[in-house]
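Listed below are the residues making up each chain.
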Amino acid sequence: MAGVELRQLRYFVAVAEELNFGRAAERLLIAGPSLSQQIKALERDLGVRLFDRDRRSVSLTPAGSALLPHTRALLERADDLQVRARRLSGSQPVRLGYVNWLPADLTRRTSAAAQVHVDAWVAPSHTQAARVADGSLDLAVCWVRNEDLKRHGLRARLIGADRLYAVATGADTTDVPARDTDVLLDDDVISWASWNVYAEELTQAGGAREVRISDGAVTGPAFFDHVRRCRRPIVNCPKGQTASLPSDLVRREIVAPQVYWTWSLVRRETEKRAEVLAVVDALCDGVDADALGIHAPDAWLPADDPYALPR
C-alpha cells in the first residue's frame, strides 16, 4: 500500500465508470498504454485484480466492485482535506482566462490545487496572452507561438488540441485534401490576429487557398453564408468547433495533412505562487501530445507552434 498514489486511484475510478480503457484515457488526457500500466501497478500494490479485460470488454472483478465505493469516498476526503488546507492558508484565487475552450472537468481537476476564478471576459488568444504578461490574469488557455512566449516572457504547457475540419455544401462527407479547401482571413486584425497568423501559414505550408473577408465571418451564421457562396470547403476555425451545422451543410475531415490547433496554458516565466503552479500541474500533467494526435505522421502544426516536431 505504500506505493499507492491518489492519481492511480482516480485512474481506477475513471476506468470503472467508463469500462473502456480508451475512453477513460481520453477522459483523463493520458495515453492508453500509460493508463493500462498504472492500473496494473495499482493492482500489484493492492494485491488484487480490479478488472477482467480482454480485447473486446472490460468489467470489474468482485474485488474491484467492492473497493470502488471506498475509493470514491477516499478521494472525496482527500479533495476536501486539500480544499480546507487551502482556505486556511488564505491563498488568493487563481485568475484564469480563455478564448472559447476549457477542459470539461476543470473544476474537478483544480479543486484540490486552488480556488480558480474563470474570467468572464472571453477574448482572442493574443489578448489573453498579453493579459497574463501584464498581470491582469494568472493563467490563460490560448493559442501561442514560441515567438509570443519569448516576446511576453511567458511559459506554456499543452492542455488540449482541436483537429480542424472543413464545412461544405452538398452531401459529400468524404475527406478533403487541405489543398482543396479555402481558409478565411479577416481584415479585423484586432479580433482575428492569432487566427490570421495561423491561417496564413496554413495557406503557405498546407496548400489551402486564402480568402480575404471584412465582415467578421470567421465564425457564426455569417461563416455559414460564406460556405454557401463558395464552391470549395472552408476550414472551420477553433471557435466554431462545437457549433451545430445547418442542415444544408456538411462536415468534411481535412487530410494531407490533418490540420491541428493547439491550446496552451500560459503563465509568466517569473510566476512563483504555489497555487498558480499547482493549477498548471493539475490541468496539464498527463496531457499526451501523441494521444491528442498532433504528432501523427500526417499531422500539421505551424512551424513556430511550441509543440511542433522539428521538420
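See the structure above.
Residue positions are counted from 1 within each chain, in the order its sequence is given. Only residues with pLDDT of 70 or above have their local features reported here, since the model is predicted, and side-chain atom pairs are shown and tallied only from 80 upward, although totals for entire chains, interfaces and linings are computed over all residues. Hydrogens and water molecules were not included; the side-chain quantities draw on all heavy atoms of the structure.

## Considering helix H1 (residues 6-18)
Stated formally: Only DSSP runs of H or I with at least four residues qualify as helices, and only runs of E with at least two residues qualify as strands; both kinds are numbered from the N terminus onward. Helix span, expected: 1.5 Å multiplied by one less than the number of residues in the helix. The rule is simple: take the accessible area with a 1.4 Å probe, protein chains only, and divide by the maximum for that residue type; under 20% is buried, over 50% is exposed, in between is partly exposed.
A rise of 1.5 Å per residue sets the reference length of H1, with its 13 residues, at 18 Å; its end C-alpha atoms lie 19 Å apart and thus fit the reference within 8%. Of the residues making up H1, those classed as buried are Gln 8, Leu 9, Tyr 11, Phe 12, Val 13, Ala 14, Val 15 and Ala 16. Positioned one or two residues after H1, Leu 19 has a phi angle of 50 degrees, which is positive.

## Here's the deal with the pairing of strand S3 (residues 94-98)
Note on strand geometry: in a regular strand, side chains alternate between the two faces of the sheet. Condition: DSSP-based pairing: two strands are paired if at least 2 bridges between them are found.
Burial analysis of S3 places 4 of its 5 residues in the buried class, the great majority of the element. Pairing analysis gives 3 bridges linking S3 to strand S4 (residues 116-118), with the strands arranged parallel. Each bridged residue has a counterpart across the sheet, and for Val 94 the counterpart in S4 is Val 116. Bridging between S3 and strand S5 (residues 139-142) involves 3 bridges; their strand directions are parallel. Note on S5: the bridge partner recorded for Tyr 98 is Val 141.

## As for the pattern of salt bridges
Definition in use: Throughout this description, the term salt bridge denotes a Lys or Arg side-chain nitrogen within 4 Å of a carboxyl oxygen of Asp or Glu.
Within the structure shown, the criterion is met by 30 salt bridges. Between Arg 251 and Glu 253 there is a salt bridge, with the nearest N and O atoms lying 3.0 Å from each other. Bridged by salt links that share partners, the residues Arg 95, Asp 138, Arg 268, Glu 271, Arg 273 and Glu 275 form one connected network.

## Regarding empty space enclosed by the protein
As a reminder, the rule being used: The pocket and cavity definitions rest on a 1 Å grid over protein atoms only: a 1.4 Å probe that fits but cannot leave marks a cavity, an open set with protein on both sides within 12 Å along at least five of seven lines marks a pocket, and residues lining either have an atom within 4 Å of a point. Grid points are joined across faces, edges and corners, and a volume is the space filled by probe spheres set on the points. Each residue is assigned to one class: nonpolar for Ala, Val, Leu, Ile, Met, Phe, Trp, Tyr, Cys and Pro, charged for Asp, Glu, Lys and Arg, and polar for all the others, Gly among them.
Tallied over the full model, the rule gives 2 cavities of 30 Å³ or more. For the largest cavity, the calculated volume is near 110 Å³. Counting only elements with at least two residues in the lining of the largest cavity, the list comes to helix H8 (189-206) and strand S13 (258-268). With 4 residues, H8 is the single largest residue contributor to the lining of the largest cavity. Among the residues forming the lining of the largest cavity, the class breakdown is 8 nonpolar, 4 polar and 1 charged. Taken as a whole, the second largest cavity encloses approximately 30 Å³ of empty space. Secondary-structure elements contributing two or more residues to the lining of the second largest cavity are strand S7 (165-169) and helix H9 (221-229). A class-by-class count of the residues in the lining of the second largest cavity yields 6 nonpolar, 3 polar and no charged.

## Quick word on the pairing of S5
Neither face of S5 is exposed, since Leu 139 and Val 141 on one face and Ala 140 and Cys 142 on the opposite face are all buried. Bridge analysis of S5 against S13 gives 3 bridges, and the strand direction is antiparallel. By the bridge assignment, Val 141 is partnered in S13 with Leu 265.

## Topic: the packing of aromatic side chains
Quick reminder of the rule: Side-chain rings of Phe, Tyr and Trp (the six-membered ring for Trp) are treated as a pair once their centres are within 6.5 Å; stacked means planes under 30 degrees apart, edge-to-face means over 60, and tilted covers the remaining angles.
Enumeration according to the criterion identifies 11 aromatic pairs in this entry. Both rings, one in Trp 143 and one in Tyr 198, keep their centres 5.8 Å apart while their planes meet at 85 degrees; by these two values the pair is edge-to-face. In this pair, Trp 143 is assigned in the loop between S5 and helix H7 (146-152) and Tyr 198 in helix H8, connecting sequence segments 55 residues apart. Of the two residues, Trp 143 and Tyr 198, neither departs from the other in class, the shared state being buried. Measuring from ring centre to ring centre gives 5.4 Å for Tyr 198 and Trp 300, while their planes differ by 70 degrees; the resulting arrangement is edge-to-face. In this pair, Tyr 198 sits in helix H8 while Trp 300 sits in strand S14 (residues 299-300), placing the two residues 102 residues apart along the sequence.

## Overview of the nonpolar core
Quick note on the threshold: Residues grouped as a nonpolar core are buried Ala, Val, Leu, Ile, Met, Phe, Trp, Tyr and Cys residues, joined through side-chain atoms within 4.5 Å. Pairs of residues are marked as contacts when any of their non-hydrogen atoms sit within 4.5 Å.
Within the largest apolar cluster, 58 residues are counted, with the highest numbers of intra-cluster contacts made by Leu 139, Trp 195, Tyr 198, Leu 265 and Val 266. Beyond its immediate sequence surroundings of up to four residues, Val 266 is in contact with Val 132, Asp 138, Leu 139, Ala 140, Cys 142, Val 144, Leu 149, Leu 154, Arg 155 and Ala 156. Counting residues in each nonpolar core, the second largest holds 21 residues, with Val 4, Leu 9, Val 13 and Ala 24 among its members.

## A few points about unusual backbone geometry
Glycine aside, residues mostly have negative phi, and peptide bonds are mostly found in the trans state. Of note, the amide linkage connecting Ala 256 to Pro 257 takes the cis form, showing an omega dihedral of 5 degrees. Looking at where Pro 257 falls in the secondary structure, it is placed in the loop between strand S12 (249-255) and S13. For Leu 19, which is not glycine, the phi torsion reads 50 degrees and is therefore positive. Counting through the fold element by element, Leu 19 comes out in the loop between H1 and helix H2 (21-28). Summarising the element assignment, Ala 256 is placed in the loop between S12 and S13.

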